[in-house]
Amino acid sequence: MPTELPLLDQAGRHAFTLLVKDSRTLIPARKPMPGEQYRFHFDMTKCIGCKCCVVACNEQNGNPAELNWRRVGELEGGVYPFTERLHLSMGCNHCLEPSCLIGCPVKAYTKDPLTGIVDHSADQCIGCQYCTWNCSYGVPQFNPERGVVGKCDMCHSRLNSGDAPACVHACPEEAITIELVNQTAWRADHKEADAPGMPSSSDSFSTTRITRPAAAEKLRRVDGGRVEVGDPHWSLIGFLVATQFAVGGFFTLWLLDLLGRQLPWWAAIVPLAVAKLALAAAPLHLGRPAFAWRAIQNWKSSWVSREVLAMSAFAGAAMAYAAALYLQLPGRTWIGAATVLMGLAGVAASARIYMVPARPSWNQWSTMIAFQLTGFVLGLRLAPAAGLTTEGWVLAAAIFASVLQISNSLAWQWRMANSSSPELRSSAGLLGTALRPLALGSLTLTALAILSIFFSPVAALLFAAAAETLRRYLFFTSAVPKSVASTFLKPGEAHS
Amino acid sequence: MKSLFRLLGFDTLRKEYAYGDDPVLGYTSIRRQAERWVRSTCGYCSVGCGMDLGVRGNQIVAVKGWDGHPVSHGKLCPKGLSEHHTLSAPDRAQHPMLRNKNGKLQRVSWPEALAALTARFRESQRRHGAHSMGVISTGQLLTEEFYALGKLIQLGFGTRNYCGNTTLCMASAVSGYKRSFGSDGPPGAYEDFRTADVTLLVGANIADNHPILCQHLDANAGGYLMVADPRVTKTAMMANLHLPLKPRSDIALLNGMAHVIIRNGLVNRDYVEKHTEGYARLRQFLLEKYPLERVAALTGLDPQTIAHAGRMFGHARRGMIAWTMGVNHSTQGAETVSAIANLSLLTGQVGHSGASPFSITGQCNAMGTREAGFTSSLPGYRKFEKKSDREELAALWRVSADRIPEARGLAYPDIIEAAVSGGIKSLWIIATNPIVSYPNQEQVKKAFRNLDFLVVQDGFHPTPTSEYADLVLPAAIWGEKEGTYTNSERRVGKANAAVKPPAEARSDFDIFFDVAATLGCKDELFPSWAGPEDAFNEWRRVSKGRLCDYSGMTYAALEAEGGLQWPYPEGTTGNAVSRLYSNGRFEFEDGKARLHTVENDPFPDGTDTRYPMILNTGRTVEHWHTRTKTSQVAILERMAPNAWLEMNPVDAKALALESHARVDIVSRRGAVRGVELRVTEITAPGQVFMPFHFFETNVNEVTHDAFDPISREPNYKQCAVRVEPAARR
């Protein structure tokens, strides 16, 4: 029978010369002092690409194979036989200005004041996944099985009890260690956080120190050929187009009201219903819809919180304005103005959500312009379609909005195609290849939305709605996020 | 209800994702917290890492490296770190399955399975002769199982045609050692990697294939590492000097280095004179036939580099040469080992610290089957052809000496060829997967179709091979059975049963035991054995006085010490590092090692205009051999989900191919289709590389079934191919 060991291991019983250091010597001997924090140090020159760290991390955290809080990427350079092959093993960079934390609407993230570790609370998380867009390094990952995000916490609790994190402990080459860093000094000079295959450390002041080889400048990531059509996020497309339509609709109503045009009692019902439906359905895109109410908590820094607040205010004001229109209350245009203002603010907040460095194709003012224009393109067509007006200037404004929208879109593509950023060029590449038929489709639909307005305002509204939906679809699917270099082979999907 | 809660956003998996403090592991996932811990040795490769298995109920929930283990020092590779997931894999073999009249595999009881096995083998032997039965085993079983199986096959069934997949792996090392030193047995120890001044790795990509060995090289401060490999492997990246030689020019390189050593007066005259035979002939051969210019032409290396490598090794106080499949997988494998041994012998770099011609083996217990297995030699490295060896063994076993064969039977490839030609009619395959691993798949499929009866005994079913079986026997695997593995440095490690095998699966040992009982030879072959430890104790007696002497070992000592290196004769204590041939006495009658003159021949399947590229094959760190186990481990599959073909940009440009394109690889024998192309500077222009693990795109559809005439090892490493854009399907 095999010997069963007592639960406590008899460490140090053997008198062999130790090859590897006790992994506890690979972490700092003392706790961080005020102004200091823990950070990872990764030595590219020691790593042999064995991926022990990846497996150890998944084991440590009981994660399914599809989630990898630590990942290993491959870099290559030079010409045979003077080829250079190196690897990047990356967990969370525990940034000085964590974009995940700043953007999180529910304050699920905290930067520990004692250790500087960026922690994530699964209990607090509502699964909005906004942090997964915000991080240039792709660190936070959504766990669909559980409905929440998770990420590397540097094995915080292990460090607290003097044990090395799982990756540090598992590495046979001692390529991963934990160090202390002075936060002020690092903020002033963080060049050592940059390496081939790593997004700029300036996005969020990554703290991971990387020891690079002499030949670093020759290295290129080997996953470069893998640019994929992104997730369309249908529920978000629906939410965005619907709320923007509602805002534009109320803008048009308010304008007609302001100009003293007679509006029937039901005039506001359509945009109000669309706005209400969109807001009611919005929590469904969360991993944990029941906790959607938490989303306003971080209004101080999260555009998601601000969007929720502004859109709620818009919906409230729109309700009041609709009632005022129904009752034909005097002075109601003031309520209308407040509605439009809240609406525009809500759309602006929506746009700001996407304007993050980690998603270069979104991180542009053209996103703001496109989102706002969608409101006008659709809203200005609603009044004629509903038979509220046939005035030429409304039609002209609607056409003008569409022309602006097309111009904005083409300018966006042109700028990306001519950018020095590989992600932007890849986005333009997607729009010119895999997504090209759809891109042409959105142009055609916009043209139809312009032409048909003279024959059938209802058709014009439908064409415009289809065009804007497709435009938003392209917005999401053409996004090429910043990322840490991955492997040549695309990581496998889940076993069925 | 639970899914509704989940849909609403309530965290239904909170308990599963919880953490807690574990007394052994520290703070970790609650899923890994064990009730008890069992010490063991890893069951994948020959490095022989020590591990602790954390068990809860009948499940291994965690593994950890054995702190302070002399081999692995608490570290494990990604396969070891996830090894426990192989046990609960969906494709574990559960029940014996017998092919019925309709040609379908159907579940049967163990007694029915055993009766069918013995009756059908006996029947076939009666009709076609005793030696028409073949057995192909593995390097994956425990030494006790190999020892029992050898007796069962050779004495019980009475067929000599018993070989292992080890012939596809390290047979060339065995033959080379026998030719140069008079016996199998790697002379060195892992410690030598730490103490050598100069280390030469030939055809050994340890960073991918034996990653836990790398820490021994890392610990060698100031050591000079040379890596001879046509590819810029991860291991080549660790080297001080990479020697990117042409495929199959390693003999030329080794001869060239020996030439430099002789020319520069760096031969250890005293050692050569006292302990070797054949120097004068070798000297003349090398000086005449392997001048630097010729070596440079053969290897593609420049003469200065070759001279530098030769002088480095010649000047080393402690010079180490280690190799793996780049050397063995060759029609000149055994001879290449001889050329390596020449270098070590010329410089006297054998048997002292940091000095060894060292074969890094493949499987966890390839060494065990070499020592105890009764395939390529009699147990205890005894020789078939030596009468006194046969008599000694017969006496130990209390059987008549004429029952011990006087020559080895057919080697693995010859068993396959005999099955094709009708000489082998029934076959028992144990823990190996030829329908992925055998070169030129068409041949092995033909062989299987010709058989009257095929038994496949494996821990997994279905496997590509078990699909062909008439009878499938479900076996326990690592973690479920007890015994010993011998690693590359001759360290015997204890593996333990931490959990019970699934359903009706049984340990290979128990299966052999019951087959012997059904056959009626149990009492003779396995007298008063109750379990593996009895087999081990008998093996200790049988190995006593031999090079691989186990007589001083006990299960308890192996467990306490993290394994012990043989020779460990009775009365030995402690766990000191040991080496063979330290006294300069080799295993030939005259005690002298043999220096061989070895010519560098081109590989047999040469390129031409139709097949212009050289295909090289190998492995990747995430997978083990034919992926029977590792394809069932989700994290390993995630990291390496499919095969790929490496091609230099020069060739890719000429073929107008880009990375991620799907290509077909066509050889004179077959084609493998739809492989993902990787355009990379890892491989040289004119060469392509593909890993062999993947059944789905199996490189062995195209590899060449040419075999080393001495070792019978296949020439996996070079064959001529052309690469085309994948045909549309």
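Residues numbered from 1 in each chain as written. Chains lettered and ligands numbered in written order. Predicted model: local features only at pLDDT ≥ 70, side-chain atom pairs only at ≥ 80, totals over all residues. Heavy atoms only, no water.

## Regarding the overall build of chain A
Next, step 1: For chain A, the count of helices and strands is 15 helices and 11 strands.
Next, step 2: For chain A, the spread of C-alpha atoms along the principal axes amounts to about 95 × 55 × 50 Å.
Next, step 3: A separation of at least 24 residues holds for 72% of the contacts in chain A among residues at least 6 apart in sequence.
Next, step 4: Summed over its atoms, the accessible surface of chain A is roughly 19,800 Å², and 65% of this surface lies on carbon and sulfur atoms.
Next, step 5: Distance from the positive charge centre (41 side chains) to the negative charge centre (34 side chains) of chain A: 6 Å. (Helix = DSSP H or I, 4+ residues; strand = E, 2+ residues; numbered from the N terminus. Contact = heavy atoms within 4.5 Å. Areas by Shrake-Rupley, 256 points an atom, 1.4 Å probe, with all protein chains shown as cover. Lys, Arg positive; Asp, Glu negative; His and termini not counted. Charge placed at Lys NZ, Arg CZ, Asp CG, Glu CD.)

## Let's talk about the sheet that holds strand E10 (residues 209–211) of chain A
All names here are of chain A.
Next, step 1: Spatial strand order, E9-E2-E10: 3 strands in an open sheet with mixed pairing. Looking along the sheet, the strands with just one partner apiece sit at the ends: strand E9 (176–182) and E10. Across this sheet, the average inter-strand angle for adjacent strands is 30 degrees, counted without regard to direction.
Next, step 2: As paired strands, strand E2 (residues 36–43) and E9 are joined by 7 bridges and run antiparallel to one another. Bridge pairing in E9 links Phe 42 to Ile 176. (Pairing = 2+ DSSP bridges. Axes fitted to C-alpha atoms, helices over the stretch in contact; angles between N-to-C directions.)

## Brief notes about helix H18 (residues 412–421) of chain B
All names here are of chain B.
Next, step 1: In terms of burial, H18 is a largely internal element, 7 of the 10 residues being buried.
Next, step 2: Along H18, the positions that sit buried rather than exposed are Tyr 412, Pro 413, Asp 414, Ile 415, Ile 416, Ala 418 and Ala 419.
Next, step 3: Taken together, the buried residues of H18 touch strand E8 (133–137), strand E9 (162–164), strand E16 (426–430), helix H19 (434–437), helix H20 (441–450) and strand E28 (704–707).
Next, step 4: Once H18 ends, the next one or two residues include Gly 422, with phi positive near 100 degrees. (Buried < 20%, exposed > 50% of the residue type's maximum accessible area, 1.4 Å probe, protein only.)

## Some remarks on the packing of aromatic side chains
All names here are of chain B.
Next, step 1: Going through the model one piece at a time under the given rule, you end up with 51 aromatic pairs over all chains.
Next, step 2: Aromatic pair Trp 428 and Phe 512: ring centres 6.0 Å apart, planes at 75 degrees, arrangement edge-to-face. Residue Trp 428 is found in strand E16, and its partner Phe 512 is found in helix H21 (residues 508–519); the two are separated by 84 residues along the sequence.
Next, step 3: For Trp 428, a relative accessible area of 0% translates into the label buried.
Next, step 4: Feature note: the residues Tyr 147, Phe 374, Phe 384, Trp 397, Phe 509, Phe 513, Phe 526, Trp 529, Phe 536, Trp 539, Tyr 550 and Tyr 555 constitute an aromatic cluster, connected by ring pairs.
Next, step 5: Positioned above the aromatic ring of Trp 66, the side-chain terminus of Arg 39 is 4.1 Å from the ring centre.
Next, step 6: Seen from the ring of Phe 689, Arg 231 lies directly overhead, with NZ or CZ sitting 3.5 Å from the centre. (Phe/Tyr/Trp six-rings, centres within 6.5 Å; stacked < 30°, edge-to-face > 60°. Lys NZ or Arg CZ within 6 Å of the ring centre and 35° of its normal.)

## Points about the environment of Cys 42 of chain B
All names here are of chain B.
Next, step 1: Here Cys 42 shows up in the loop between strand E3 (36–41) and strand E4 (50–56).
Next, step 2: Linking Cys 42 and Leu 76, residues 34 residues apart in sequence, is a C-alpha distance of 8.8 Å.
Next, step 3: Filtering out sequence-adjacent residues up to four positions away, Cys 42 remains in contact with Cys 49, Met 51, Gly 80, Glu 83, Cys 364, Trp 478 and Tyr 485.

## Quick look at the pairing of strand E14 (residues 319–323) of chain B
All names here are of chain B.
Next, step 1: Where burial is concerned, most of E14 is hidden: 5 out of the 5 residues are buried.
Next, step 2: Taking every second residue as pointing to the same face, both faces of E14 are buried, with Gly 319, Ile 321 and Trp 323 on one and Met 320 and Ala 322 on the other.
Next, step 3: As paired elements, strand E10 (residues 198–202) and E14 share 5 bridges and run parallel to each other. By the bridge assignment for E14, Thr 199 is matched with Met 320.

## Quick look at the nonpolar core
Residue and element names in this part refer to chain B.
Next, step 1: Of all hydrophobic cores here, the largest spans 121 residues; its most connected members are Leu 152, Phe 157, Trp 428 and Trp 566.
Next, step 2: Split by domain, this core shows at least three residues from each of two domains, domain 2 (97–169 + 365–486 + 504–548) and domain 3 (171–359).
Next, step 3: Ignoring sequence-local partners within four residues, the contact set of Phe 157 consists of Leu 117, Phe 121, Arg 122, Gln 125, Met 133, Leu 152, Trp 428, Val 515 and Leu 519.
Next, step 4: If you look at the next biggest cluster of nonpolar residues, it comprises 101 residues, including Leu 87, Ala 196, Met 320 and Trp 478. (Core = buried A, V, L, I, M, F, W, Y, C linked by side-chain atoms within 4.5 Å. Domains from an automatic or database assignment.)

## Section: the side chain of Asp 708 of chain B
Residues and elements named next belong to chain B.
Next, step 1: If you trace the backbone, Asp 708 turns up in the loop between E28 and strand E29 (714–715).
Next, step 2: Buried within the structure, Asp 708 lacks any salt-bridge partner; Arg 712 is the closest side chain of opposite charge, at an N-O distance of 6.7 Å.
Next, step 3: Only 3.3 Å separates the side chain of Asp 708 from the backbone nitrogen of Ser 711, close enough to count as a polar contact.
Next, step 4: Once residues within four sequence positions are removed from consideration, Asp 708 is found in contact with Ser 172, Ser 330, Thr 331, Gln 332, Gly 333, Ala 334 and Glu 713. (Salt bridge = Lys/Arg side-chain N within 4 Å of Asp/Glu carboxyl O. Polar contact = N/O pair within 3.5 Å; in protein donor to acceptor, adjacent residues only side chain to side chain.)

## As for the interface of chain A and chain B
Next, step 1: Taken together, the contact between chain A and chain B spans 73 residues of the former and 92 residues of the latter.
Next, step 2: Roughly 7,000 Å² is buried in total at the junction of chain A and chain B, and carbon and sulfur atoms are behind 54% of that figure.
Next, step 3: Where chain A packs against chain B, one counts 6 salt bridges.
Next, step 4: Where Glu 76 of chain A meets Arg 678 of chain B, a salt bridge forms, and the shortest distance between an N and an O atom there is 3.2 Å.
Next, step 5: Applying the counting criterion to the chain A and chain B interface returns 33 residue pairs in polar contact (both at pLDDT 80 or more).
Next, step 6: Elements with a minimum of two residues in the side of chain A that touches chain B: strand E1 (4–5), helix H1 (52–61), strand E3 (71–77), strand E4 (84–90), helix H4 (156–160) and helix H5 (166–170) of chain A.
Next, step 7: Per-element tally for the side of chain A that touches chain B: the top contributor is H1 of chain A, with 8 residues. (Buried area = accessible area lost by both parts, 1.4 Å probe.)

## As for the pattern of salt bridges
Next, step 1: By the definition in use, this model includes 62 salt bridges over all chains.
Next, step 2: Overlapping salt bridges bring together Arg 39, Glu 179, Glu 192 and Arg 209 of chain A as one network.

## Re the packing of helix H12 (residues 392–417) of chain A against helix H13 (residues 422–432) of chain A
All names here are of chain A.
Next, step 1: Their axes nearest at 7 Å, the elements H12 and H13 cross at an angle of 125 degrees. With respect to their mutual orientation, H12 and H13 come out oblique. Once H12 is placed against H13, the crossing between them reads as left-handed. For the pair formed by H12 and H13, the contact residues are Trp 412, Gln 413, Met 416 and Ala 417 on the first element and Leu 424, Arg 425, Ser 427, Ala 428 and Leu 431 on the second. (Parallel < 35°, antiparallel > 145°, perpendicular 65-115°, else oblique. Left-handed = near helix turned anticlockwise from the far one by under 90°.)

## Quick word on the sheet that holds strand E7 (residues 105–107) of chain B
Residue and element names in this part refer to chain B.
Next, step 1: Spatial strand order, E7-E6-E18-E17-E16-E8-E9: 7 strands in an open sheet with mixed pairing. Because the sheet does not close on itself, it has two edges, and the strands there are E7 and E9. Direction aside, the axes of adjacent strands within the sheet are offset by 15 degrees on average.
Next, step 2: The pairing of E16 with strand E17 (residues 453–458) spans 5 bridges and is classified as parallel.

## Observations concerning the confidence of the model for chain A
Next, step 1: In this model, chain A carries a mean pLDDT of 93, and residues with pLDDT of at least 70 account for 95%.
Next, step 2: Overall, residues 1–18 of chain A carries pLDDT values under 50, and its contacts beyond four positions in sequence, including any with other chains, amount to 43 contacts. (pLDDT = per-residue confidence, 0-100.)

## Things to note about the pairing of E2 of chain A
Look at any regular strand and the pattern is simple: side chains alternate between the two faces of the sheet.
All names here are of chain A.
Next, step 1: Taking burial as the measure, the 8 residues of E2 include 8 buried ones, the bulk of the element.
Next, step 2: Along E2, one buried face is formed by Glu 36, Tyr 38, Phe 40 and Phe 42 and the opposite face, lined by Gln 37, Arg 39, His 41 and Asp 43, is buried too.
Next, step 3: The pairing of E2 with E10 spans 3 bridges and is parallel. Residue pairing in the sheet places Phe 42 in a bridge with Ile 210 of E10.

## A look at the environment of His 693 of chain B
Residue and element names in this part refer to chain B.
Next, step 1: For His 693, the location among the structural elements is in the loop between strand E27 (687–691) and E28.
Next, step 2: According to the relative accessible area criterion, His 693 is buried, its value standing at 0%.
Next, step 3: Separated by 70 residues in sequence, His 693 and His 623 have C-alpha atoms that sit 6.9 Å apart.
Next, step 4: With near-sequence residues (within four places) excluded, His 693 lies in contact with Val 436, Gly 618, Arg 619, Thr 620, His 623, Trp 624, His 625, Thr 626 and Arg 627.
Next, step 5: One polar contact links the side chain of His 693 to the main-chain amide nitrogen of Thr 620, over a distance of 3.0 Å.

## A short note on the domain arrangement of chain B
Residue and element names in this part refer to chain B.
Next, step 1: Assigned domains within chain B: domain 1 (2–86), domain 2 (97–169 + 365–486 + 504–548), domain 3 (171–359) and domain 4 (613–725).
Next, step 2: Taken over C-alpha atoms, the centre of domain 1 sits 33 Å from the centre of domain 4.
Next, step 3: In total, about 780 Å² of surface goes out of reach between domain 1 and domain 4, with carbon and sulfur atoms giving 72% of it.
Next, step 4: The largest share of the area that domain 1 buries against domain 4 comes from Tyr 44, Pro 78 and Lys 79, three residues that together contribute 58% of it.
Next, step 5: Summed over the shared surface of domain 1 and domain 4, the result is 0 salt bridges.

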